[in-house]
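Each chain is listed here by its residues.
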Amino acid sequence: MIITRFAPSPTGHLHLGGARTALFSYLFAKANKGKFLLRFEDTDKERSKEEYVESILKSLDWMKIKLDSDPVYQSRLVNKHKELAFDLYKKGFAYACDCNEKTLTKMREEQIAKRQKPKYNGLNRNRNIKYEEGMVLRFKFPLKGVSKFNDLILGDIAINNKEFDDFIILRSDGSPTYNFSAAVDDMDMNITTVIRGDDHITNTHKQINVLDALGATIPSYAHLPMVLAESGKRLSKRDGAKDILDYKKDGYLSDALINYLVRLGWSYGEEEIFSLDKLTKIFKLDHVNSSPSKYSQDLLDWYNNKYLNLLTSEELILKVKENSGTDFNQIDKGDLAISLLAKGANSLNQISDESIYFFEEPKIKFDSLNIDTNKRKLFAEFNKQLKEIDFEKISIERYIKEFLQANDLKFPELGKPLRIILTGKENAPSISELLLILGKETSLKRIEYSLDD
Ligand code: GLU
C-alpha cells in the first residue's frame, strides 16, 4: 500500500508551497488508495512553536486534507533516533569524531585556499575513536561511486559520492540531526513515497545512504519544482508567501485554492476545474511539470470567482456572514443581491465590501454629479413614471428602454448618474437588477433624495 507523508517543521505558518506539497502527497496517497500521514519535525526547540503546529493543522483541515493517523511528533522520538545512531556506530556505519571548532575552521580555510569545496575531510574516519560525551557521530558516506535514485517527477538523479562528506548524525549535545531523524522516521512510518520540495534533493541522497545502512527499504522519491513569484524570484509575502489561513480570512474558498494549487505545476489534458473528490481519483505524479511554476494572483482570483458562482445564494449568504459579519438575510431580496455581486467578485470579502449600498443609503445629491442641470427634469420624469410601473425584471427593462427612446438618450446618459444615485458607486451591477433588488420604495426614495433641494 502507498503511504505518503507531509513533514513540516512547525517554525512558521503553512504557506502556498508547503500547502501544495501537502496536497500533492495527500492526493497521490488517495488516488492509490493509500494512506497520508503527518509528521511534525519539531526538534528545533528554539524555532518550533505550538502556535505553528496548530495553524498547520487548521490549514490542512480547512483544505479538507485528512490524516489517516494521528500526527507524529519527531521531538518525542529523539531517544529512539539516538539509539539507532549508536547502532550504526557499533556496526561501523558511523564513527565518533572529536574535531573541535578550531580544527574544523582550519580545515575549511585550507580547502577554500585550495579552491576546494569546504567539507569535512574524513580526518577521524579511520581512527576508531571511542565515543565519549561531547563528541559527534559522523556517517561514513561511501567514498566511491555515485548516489542515485529515480525521481518520480524529475527522472534519474545521480551525484558523485565525492561531493558529499561524512555528515553528522548525532551532535555533540547528543541530539540527532535532521537527515538522520527524517530517514529513521520515514523507515518507521513505512513511508513508500516521499513527496517534497526539490530543495531536498541533496538530503535525499544522504537519507538513502542512511536508510541503506539501517537495512531499510528505500522509498520512492518525488521532488516538486519550486513555486516562484510572477517575477521569477522567490515568493515574497506580497505574492503568495502568506499564511494559508490568510487566504481564508481574505475570503477565498478552500475548493478554489485547492483547484488553483493543484494546477500549479500539474495538468490533466485541457481540464481546469477539479473537485477535491475527483482529484483523489485521478491524480498522478507523472502529470507534474518538472520545471518551476509561477504564482498568479489573477488566476487564483479567477478560480475563486468561478467557485463563488457555483455556490447557491444560501451558501454564499452563510459564508459571507461567517467571514465578514455582513448578513444578506437582513435585506429584502438578499439572495438576489448576493448572487448579483458574486458575478463580479473575486472573494467573499469583496462581496461584503461591495454590498454597502444594499444596507445603507448612499445619499447622493444630483448637484454633486456635475451633470447638465437640464437633465434634472428628465430624472424627475423618470422617477415619476417609475412610480407607476410594475417592479418586475421584464417591466423595468422595458420601461428603461422606452424611456431612453422617448427622450432620445443613450444608455450611459441615464445609467451612469442613476447608478451613482442608487449605489454611491460608479461600478455596480446593471441598473435594472439594482432597481429590482432595491425595490420600488427604496429606489424612489434614493432618486427623490437626490433631486430634492
Ligand atoms: N521538515 C522539512 C521541511 O519543512 C521537510 C522534510 C521532508 O519533507 O522530508 O522542509
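Residues numbered from 1 in each chain as written. Predicted model: local features only at pLDDT ≥ 70, side-chain atom pairs only at ≥ 80, totals over all residues. Heavy atoms only, no water.

K.L.:
Honestly, a nonpolar patch on the surface in this entry has me stumped. Any pointers?
P.N.:
Residues Ile 273, Leu 299 and Trp 302 make up a contiguous nonpolar surface patch of about 250 Å² in total accessible area. As for its placement among the helices and strands, Ile 273 is situated in the loop between α8 (254–263) and α9 (276–282). Take Ile 273: its relative accessible area is 37%, and that puts it in the partly exposed class. (Patch = residues over 30% accessible without salt bridge, like charges linked within 9 Å, V, L, I, M, F, W, Y side chains within 5 Å. Areas by Shrake-Rupley, 256 points an atom, 1.4 Å probe, with all protein chains shown as cover. Salt bridge = Lys/Arg side-chain N within 4 Å of Asp/Glu carboxyl O. Helix = DSSP H or I, 4+ residues; strand = E, 2+ residues; numbered from the N terminus. Buried < 20%, exposed > 50% of the residue type's maximum accessible area, 1.4 Å probe, protein only.)

K.L.:
I would appreciate a short explanation of the sheet that holds strand β8 (residues 168–170) in the present structure.
P.N.:
The strands that make up a sheet are held in pairs by hydrogen bonds between backbone atoms, and each pair lies either parallel or antiparallel. Strand order across the open sheet formed by three strands is β4-β5-β8, with antiparallel pairing between neighbours. Looking at strand neighbours, the two that pair on one side only are β4 (94–97) and β8, the edges of this open sheet. Across the sheet, the mean angle separating the axes of adjacent strands is 45 degrees when strand polarity is ignored. Note that strand β5 (residues 136–139) and β8 share two bridges and pair antiparallel. Following the sheet pairing, Leu 137 is matched in β8 by Leu 170. (Pairing = 2+ DSSP bridges. Axes fitted to C-alpha atoms, helices over the stretch in contact; angles between N-to-C directions.)

K.L.:
Before we go on, may I ask you to explain the pairing of strand β10 (residues 220–224) in this structure?
P.N.:
With respect to burial, β10 is a largely interior element, four of its five residues being buried. Taken together, the five bridges between strand β9 (residues 193–197) and β10 define a ladder with parallel strand orientation. Across the sheet, Thr 193 pairs through a bridge with Ser 220, a residue of β10.

K.L.:
Explanation requested: the nonpolar core in the structure shown.
P.N.:
One broad trend across soluble globular proteins is that nonpolar side chains are buried collectively. Within the largest apolar cluster, 97 residues are counted, with the highest numbers of intra-cluster contacts made by Leu 23 and Ile 351. Not counting residues within four places of it along the chain, the set of residues in contact with Leu 23 comprises Met 63, Ile 65, Ile 258, Leu 261, Val 262 and Leu 276. Within the second largest apolar cluster, 33 residues are counted, among which are Leu 37, Leu 84, Ala 96 and Phe 149. (Core = buried A, V, L, I, M, F, W, Y, C linked by side-chain atoms within 4.5 Å. Contact = heavy atoms within 4.5 Å.)

K.L.:
Is there a simple way to think about the pattern of salt bridges in this case?
P.N.:
Between side chains of opposite charge, a pair can form when the charged atoms approach closely. Counting across every chain of the model gives 22 salt bridges. Here Glu 110 makes a salt bridge to Lys 106, at a shortest N to O gap of 3.8 Å. Residue Glu 110 and its partner Lys 106 are located together in helix α4 (residues 101–113), separated by four residues, close to a single helical turn. Measuring nitrogen to oxygen at the nearest pair gives 2.6 Å for the salt bridge that ties Glu 271 to Lys 278. Exposure remark for Lys 278: the relative accessible area of 31% places this residue in the partly exposed category. Sharing partners across several salt bridges, the network here consists of Arg 5, Arg 39, Glu 41, Asp 185 and Asp 186.

K.L.:
How should I be thinking about the packing of aromatic side chains in this particular structure?
P.N.:
Each aromatic ring pair is summarised here by two numbers: the centre-to-centre distance and the angle between the ring planes. Scanning the entire structure with this criterion turns up 25 aromatic pairs. Note on Tyr 357 and Phe 358: the rings are 4.8 Å apart at their centroids and 50 degrees apart in plane angle, and the pair reads as tilted. For Tyr 357, a relative accessible area of 1% puts it in the buried group. Through successive ring pairs, a cluster of aromatic residues spans Phe 24, Trp 266, Tyr 268, Phe 274 and Phe 283. Here Lys 206 stacks its cationic end above the ring of Phe 167, 5.2 Å away from the centre of that ring. A cation over an aromatic ring shows up here: Lys 363 above the ring of Tyr 449, its NZ or CZ 5.4 Å from the ring centre. (Phe/Tyr/Trp six-rings, centres within 6.5 Å; stacked < 30°, edge-to-face > 60°. Lys NZ or Arg CZ within 6 Å of the ring centre and 35° of its normal.)

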